[in-house]
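Here is what each chain is made of, one letter per residue.
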Amino acid sequence: MSASRRSGTTDELGPDEPERDGPTDEDTKDIENTEGTENTEGTEGSMDFGGSDLLAALLDGMDAALCAFDADGVVTHWNREAERILGWTAEEAVGRRGFAGWAVRTADAEEVEGRLMAAMHAAGRQVHEFALVTKDGGRVLVRTQSAAVRGPDGKPAGLYCAFSEVHAQIDLERSIALSEALFEDASWGVVLVDADLRPAVVNAHAARALGIGRTAVLGRPIGELLTQGVEELESALTHVLAEGAPPAPAEIWVGVRTPEGEKRRCWRSGFLRLASPLAEEPVPLGVGWLFQDITESKQTEQEAAQLRFRVNQLHRAARAAAECEDPGEAATVHLDFALAGFADHALIDRVAGGSLADGEGPARLVRAAATPSGQPGPSHLAGHAGIPIRYGQGHPALQCVERAGSVRAGAGAATPEAARDWATGRQWPPDAVHALCAVLRSRGRTLGVVTFLRGAGRTPFERTDAVYAEDIAIRIAAALDLEALERSAE
């Protein structure tokens, strides 16, 4: 704990009480004039004692070591942190003149004390680094801040010196520098979220990713900033507040509003629970959320995985179809393997009469195979009666035959009832919302159309899906052509 100089010495920073050699005439008059009034001597003494206790408590509660010197360089104050760093107690330090011979090596004492005492005659604080000696003989490099303490007359009466270990000071400066760099120059998003799950601090990168200004985002619910992924993100933040940081980053898909419309992004996110360093028990201040946009790499990874799966399916379908004695059955095998992860329903429509040369009249299509419309199962052959399907003018399957190329169609943003009418009007299962038709071509002639259908839970067909459907159509067309040749040979 802190201590003043030993008894019998005078504190040059200011005496505790004015000296009294005896009452003067004026004192006598004051005493006479105060007869009958309340005696406050005891009260004043207790207030002074309380002030000393408060000063001692403040000095001992400081995070930095502190010592003070009078004008002659004698140590007058020494707090508990100084004792922790150097090992010298207040009783051992207070009353010593300077640091020579105990807290500083004798060879360095003159330089150290000269630089310290110079602070009494300098303006403001002086910062220095010294190597001090601990009680057990070790050396500690400290950074000091010294400033003059002036008396009532304005003249220097002493100085105080606050010091801390250099490595601790450097750690603090690094922490501050890291914090400033994260919120200014970081190449990934940094958001501090308070305990109410509202952004409290946002760096420039995160503001750009959210499509909003740094100040405009503060204090707003996360649901107002994102259109998708809000529940998943809030669940992660709540978990971190309650349980702490997760062991690995999480990949979260979110929807962000942009001037071009809503965009879906994938953010690889890390979370840290923030606790107050000033509290005895950890009090959560919020969550530090760091994220990086990995949408492009994630999409590339997904496309590569999808391509590997589809190539593997084509290979497995070819091997299974090679074991089929009936070419028509081989066509349905290709159709069944193609459905996995690609579509919900599939249909094969053959041209009435077998095939259609380029430029020939309007096509009539006959259902050759279809997947079950109820529960899932293998495709089954149909159309043995040869009755054409009543497709209306402009039907996607008819357009596919006319163009000899793939055609994509969809119900768009229609209501469920309108989407059902759209599907049934085209002779498709009622839950179909997206369609992709690929032409069946073999030996330069059109044999029919294969149609893949997706429900409302899937995304619309894209160009990469059309390429995959065309690969499947080539194999189905070869099987159907072989079937037609076998029939003609009989």
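Remember, it's a predicted structure, so these values are computed and weren't measured experimentally.

Student: Hey, could you go over the sheet that holds strand 11 (residues 284-293) for me, with residue numbers and the actual values?
Tutor: Taken in spatial order, the 6 strands of this open sheet run 7-6-11-10-9-8, and their pairing is antiparallel. Here the strands that pair on one side only, and so sit at the sheet edges, are strand 7 (199-202) and strand 8 (226-228). Each adjacent strand pair in this sheet contributes to an overall mean axis angle of 40°, direction not counted. Bridging between strand 8 and strand 9 (residues 250-258) involves 2 bridges; their strand directions are antiparallel. Across the sheet, the residue bridging to L226 is V256, located in strand 9. Relative to strand 10 (residues 261-275), helix 8 (residues 230-243) is tilted by about 5°, and along the sheet it contacts strand 6 (189-194), strand 8, strand 9, strand 10 and strand 11.

Student: So, the nonpolar core: which residues are in play, and what are the values?
Tutor: Formed by 32 residues in total, the largest nonpolar core has its most connected members in F342, I348, L440, V450, F452 and I476. If you tally residues by element for this core, the top one is helix 13 (residues 463-489), at 9 residues. Ignoring any residue separated from it by four or fewer positions in sequence, one finds F342 in contact with R310, L436, F452, R454, R458, F461, D465, Y468 and A469. Among the nonpolar cores identified, the runner-up in size contains 27 residues, and L86, V104, F130 and L132 belong to it.

Student: An account of the pattern of salt bridges is needed here, citing residue identities and associated values.
Tutor: Under the definition given, this model contains 20 salt bridges. Of the charged contacts, one joins E184 and R214 as a salt bridge, the two residues approaching to 3.9 Å between their closest N and O atoms. In this pair, E184 sits in the loop between helix 6 (166-182) and strand 6 while R214 sits in the loop between helix 7 (204-210) and strand 8, placing the two residues 30 residues apart along the sequence. Among the salt bridges present, the one from R443 reaches D481, with a minimum N-O distance of 2.8 Å. Linking R443 in the loop between strand 16 (434-442) and strand 17 (445-454) with D481 in helix 13, this pair joins segments that are 38 residues apart in sequence.

Student: Describe the sheet that holds strand 2 (residues 75-78), listing the residues and the values that go with them.
Tutor: Pairing within the open sheet is antiparallel, and its 5 strands lie in the order 2-1-5-4-3. Either end of the sheet is taken by a strand with one partner, and the two such strands are strand 2 and strand 3 (126-133). Strand-to-strand twist in this sheet, taken as the mean axis angle between neighbours without regard to direction, amounts to 30°. Where strand 1 (residues 65-70) and strand 5 (residues 156-165) come together, 6 bridges link them in antiparallel fashion. Bridge pairing links C67 to C161 in strand 5. Along the sheet, helix 5 (residues 106-117) makes contact with strand 1, strand 3, strand 4 (139-150) and strand 5, crossing strand 3 at roughly 150°. Against the sheet, helix 6 engages strand 3, strand 4 and strand 5, with an angle of about 75° to strand 5.

Student: An account of the pairing of strand 12 (residues 345-351) is requested, with residue identities and associated values reported.
Tutor: Of all 7 residues that make up strand 12, 7 are buried, and the element is covered over most of its length. Burial of strand 12 is two-sided: the residues H345, L347, D349 and V351 facing one way and the residues A346, I348 and R350 facing the other way are all buried. Across 6 bridges, strand 12 lies against strand 17 in antiparallel orientation. Pairing of H345 across the sheet is with L453, part of strand 17. In this sheet, strand 13 (residues 365-370) lies alongside strand 12 in antiparallel orientation, the contact comprising 5 bridges. Note that in strand 13 the partner of L347 across the bridge is A370.

Student: If you had to explain the packing of aromatic side chains to someone new, which residues and values would you point to?
Tutor: Here the structure, examined in full by the defined rule, presents 11 aromatic pairs. Between W289 and F291, the aromatic rings sit 4.8 Å apart at their centres with planes inclined by 35°, giving tilted as the arrangement. Both residues of the pair, W289 and F291, count as buried. Taking 5.6 Å as the distance between ring centres and 65° as the angle between the ring planes, the aromatic pair formed by W422 and W428 counts as edge-to-face.

Student: Lay out a negative patch on the surface with the relevant residues and their values.
Tutor: On the surface, E325, D326, E329 and E486 cluster together to form a negatively charged patch. With respect to the secondary-structure elements, E486 resides in helix 13. When its relative accessible area of 36% is taken as the criterion, E486 is described as partly exposed.

Student: How would you sum up the side chain of R454? Please name residues and give values.
Tutor: Following the sequence through the fold, R454 ends up in strand 17. Overall, the relative accessible area of 5% leaves R454 in the buried class. Here P460 takes part through its backbone oxygen, which lies 3.3 Å from a polar atom of the side chain of R454. Excluding anything up to four places from it in sequence, R454 contacts R310, F342, A343, D344, D431, A432, V433, H434, T459, P460, F461 and D465.

Student: Describe helix 5, and please don't skip the residues or the numbers.
Tutor: A rise of 1.5 Å per residue sets the reference length of helix 5, with its 12 residues, at 16 Å; its end C-alpha atoms lie 17 Å apart and thus fit the reference within 8%. Of the positions making up helix 5, those classed as buried are D108, A109, V112 and L116. One side of helix 5 carries all its buried residues, which in axial view fall inside an arc of 115°. When the buried face of helix 5 is taken as reference, the exposed residues oriented beyond 90 degrees from it are A107 and E110. On its buried side, helix 5 packs onto strand 3, strand 4 and strand 5.

Reading the values: the criteria
- Residues numbered from 1 in each chain as written.
- Predicted model: local features only at pLDDT ≥ 70, side-chain atom pairs only at ≥ 80, totals over all residues.
- Heavy atoms only, no water.
- Pairing = 2+ DSSP bridges.
- Helix = DSSP H or I, 4+ residues; strand = E, 2+ residues; numbered from the N terminus.
- Axes fitted to C-alpha atoms, helices over the stretch in contact; angles between N-to-C directions.
- Contact = heavy atoms within 4.5 Å.
- Core = buried A, V, L, I, M, F, W, Y, C linked by side-chain atoms within 4.5 Å.
- Buried < 20%, exposed > 50% of the residue type's maximum accessible area, 1.4 Å probe, protein only.
- Salt bridge = Lys/Arg side-chain N within 4 Å of Asp/Glu carboxyl O.
- Phe/Tyr/Trp six-rings, centres within 6.5 Å; stacked < 30°, edge-to-face > 60°.
- Patch = residues over 30% accessible without salt bridge, like charges linked within 9 Å, V, L, I, M, F, W, Y side chains within 5 Å.
- Areas by Shrake-Rupley, 256 points an atom, 1.4 Å probe, with all protein chains shown as cover.
- Lys, Arg positive; Asp, Glu negative; His and termini not counted.
- Charge placed at Lys NZ, Arg CZ, Asp CG, Glu CD.
- Polar contact = N/O pair within 3.5 Å; in protein donor to acceptor, adjacent residues only side chain to side chain.
- Expected span 1.5 Å × (residues − 1).
- Arc of directions from axis to C-beta.

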